[in-house]
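Letter by letter, the chains look like this.
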Amino acid sequence: MLLRFGVVPVVVFSSKEAAKEVLKTHDLDTCTRPKLVANGLFSRNFKDIGFTQYGEDWREMKKLVGLELFSPKKHKSFRYIREEEGDLLVKKISNSAQTQTLIDLRKASFSFTAGTIFRLAFGQNFHQCDFMDMDRLEELVLEAETNGCILALTDFLPTGLGWLVDRISGRHSRMNKAFSKLTNLFQHVIHEQLKIGQLQDHSNLVSAMLDMIIRPSKFSSFNITSNHLIAMILHPPSPLLLPRETMSDIEIQGYHIPKNALIRINTYTIGRDLKCWSNPERFLNTSINYKGQDYKLLPFGAGRRSCPGMNLGITILELGLLNILYFFDWSFPNGMTIEDIDMEENGALNKTLELIPTLPSALVNKSIR
Ligand code: HEM
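Residues numbered from 1 in each chain as written. Predicted model: local features only at pLDDT ≥ 70, side-chain atom pairs only at ≥ 80, totals over all residues. Heavy atoms only, no water.

Caption draft 1: A look at the pairing of strand β1 (residues 2-5). Alignment of β1 against strand β2 (residues 8-13), held across 4 bridges, turns out to be antiparallel. Of the residues in β2, the one forming a bridge with L2 is V11. In sequence, β1 turns back onto β2 through a hairpin of 2 residues, with G6 there showing a positive phi of about 60 degrees. (Pairing = 2+ DSSP bridges. Helix = DSSP H or I, 4+ residues; strand = E, 2+ residues; numbered from the N terminus.)

Caption draft 2: Molecular detail of the site of the ligand. If you check the shell around the ligand, you find 19 residues, and the closest are R33, W58, P299, R305 and C307. Contact between the ligand and R33: an oxygen atom at 2.8 Å from a side-chain N or O atom of the residue. In the model, an oxygen atom of the ligand is placed 3.0 Å from a nitrogen or oxygen of the R305 side chain. (Near = heavy atom within 4 Å. Polar contact = N/O pair within 3.5 Å; in protein donor to acceptor, adjacent residues only side chain to side chain.)

Caption draft 3: How the structure looks around the UniProt feature "binding site: heme" (unreviewed entry) in the protein. Cross-referencing UniProt, the feature "binding site: heme" (unreviewed entry) maps to C307 in the present numbering. One can find C307 in the loop between α14 (267-270) and α15 (310-327). (UniProt positions renumbered as here; feature names shortened; annotations may be inferred.)

Caption draft 4: Molecular detail of the packing of helix α7 (residues 105-122) against helix α8 (residues 134-148). Orientation of α7 relative to α8, taken along the N-to-C sense of each, is 90 degrees, at an axis distance of 10 Å. When the interaxial angle is binned, α7 and α8 end up roughly perpendicular. Along its contact with α7, which presents R106, K107, F110, S111, A114 and G115, the element α8 presents M134, D135, L137, E138, V141 and L142. (Axes fitted to C-alpha atoms, helices over the stretch in contact; angles between N-to-C directions. Parallel < 35°, antiparallel > 145°, perpendicular 65-115°, else oblique. Contact = heavy atoms within 4.5 Å.)

Caption draft 5: Here's a closer look at the packing of helix α6 (residues 79-99) against α7. Between α6 and α7, the least distance of the axes is 9 Å, while the angle of their chain directions is 155 degrees. Here α6 is positioned roughly antiparallel relative to α7, judged by the angle of their axes. Classified by chirality, the crossing of α7 by α6 is right-handed. Here Y80, I81, R82, E84, E85, G86, L89 and K92 of α6 come into contact with α7, specifically with A108, S111, F112, G115, T116, R119 and L120. Of the residues that constitute the contact of α6 with α7, the class distribution is 6 nonpolar, 4 polar and 5 charged. (Left-handed = near helix turned anticlockwise from the far one by under 90°. Nonpolar A, V, L, I, M, F, W, Y, C, P; charged D, E, K, R; others polar.)

Caption draft 6: Structural detail: the packing of aromatic side chains. Counted by the stated rule, this structure contains 10 aromatic pairs. Between F327 and F328 the ring centres are 6.5 Å apart and the planes differ by 65 degrees, which places this aromatic pair in the edge-to-face class. Through successive ring pairs, a cluster of aromatic residues spans F118, F122, F126 and F186. The ring of Y268 has R272 lying over it, and the distance from NZ or CZ to the ring centre is 3.8 Å. (Phe/Tyr/Trp six-rings, centres within 6.5 Å; stacked < 30°, edge-to-face > 60°. Lys NZ or Arg CZ within 6 Å of the ring centre and 35° of its normal.)

Caption draft 7: Representation of the sheet that holds strand β7 (residues 262-265) within the structure. The strand order β1-β2-β7-β4 describes an open sheet built from 4 strands, whose pairing is mixed. The sheet is open, and its two edges are formed by β1 and β4 (244-245), each paired on a single side.

Caption draft 8: Molecular detail of the sheet that holds strand β8 (residues 329-331). Within the open sheet, the 3 strands sit side by side as β3-β9-β8. Their pairing is antiparallel. Each of the sheet's edge strands pairs with one partner strand only, and the pair in question is β3 (103-104) and β8. Both β3 and strand β9 (residues 354-358) contribute to a ladder of 2 bridges, which runs antiparallel. Of the residues in β9, the one forming a bridge with D104 is E354. Where α6 meets the sheet, its contacts fall on β3, β8 and β9, and the angle it forms with β9 comes to roughly 85 degrees.

See below:
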């Protein structure tokens, strides 16, 4: 589908064949990111690996995260962090189970995921931070996520008109505020790292990066099955992959796509296409590759700009699900039925699911951990 947003051609691909042509055949022609206003604000002028343009800087960052965050060795060495955060999640739910009170599963999962990633990336235990609590962090992330999805008119009306409307409507200032709150948090974290002098052990990404900046020459009975994972990653918070931009004129599915066009891959629609799936909502007992080799299911994207955090993401998901499903039975609060659950997806991480946990009788008399 070709759309025209102001002066920018935007092409949305919603078939497996087109996705394969973009992400495989023309990966190199389409693997840069457009310079959108929201992404620039969020990434301090496109310094982030996810939003930077394709080129030497991106390659260096990809090498760095591959080495310091996502290598099999690091993955193994971070195991204790994942386990400690998992223990914390189980303890929190156990407390609710004992008193038979509601637990907000969205908040519990956010706390587990954010706590794990915060420690991996920043080397600090978020639960012990005195400058912010988990509810506030969640608010900041949601605010940044919401503003990150906003298309600014400046992106599509470069004559100055878009710039003016973005300022008069308050859109620019809202985006700025949301991202500067996150920036303050990151600055605080960096400051803490410098204060405690935790630079040389490379036990987290920030210390490794700071070390590079300071000494640049040195850097040269229950079984979670793939069905559970697929069910989770089938419902990504965003129905589209991150935007790409064509770096040359290309042809996809017989259509001419000009250089500098904005490309969106609609993985949500492809993942439910009845031409590819007989029953897209149920993947039981199907063995599909969700790691970017099968273009009908692309939760992590594919090609050069695919998700480098895929293995970590899968491990966190697996551990979170395992802790929630193995240790507890779940029931609705009084008067609530399955029909009362709002299953509509709205492209954000802001849906609440409150349930009552119970320890299965086999576990009641055992101390869990
Ligand atoms: C289940 C969890 C996750 C899912 C479903 C997911 C999904 C995605 C998707 C769809 C993309 C865009 C791919 C594209 O545009 O082709 C992406 C990019 C990215 N993801 Fe993930 N992700 C997950 C976990 C993580 C984690 C844990 C990290 C890091 C801690 C991470 C870091 C990144 C980065 C840095 C990029 C940008 C890559 C680039 O532009 O070169 N992701 N992810």
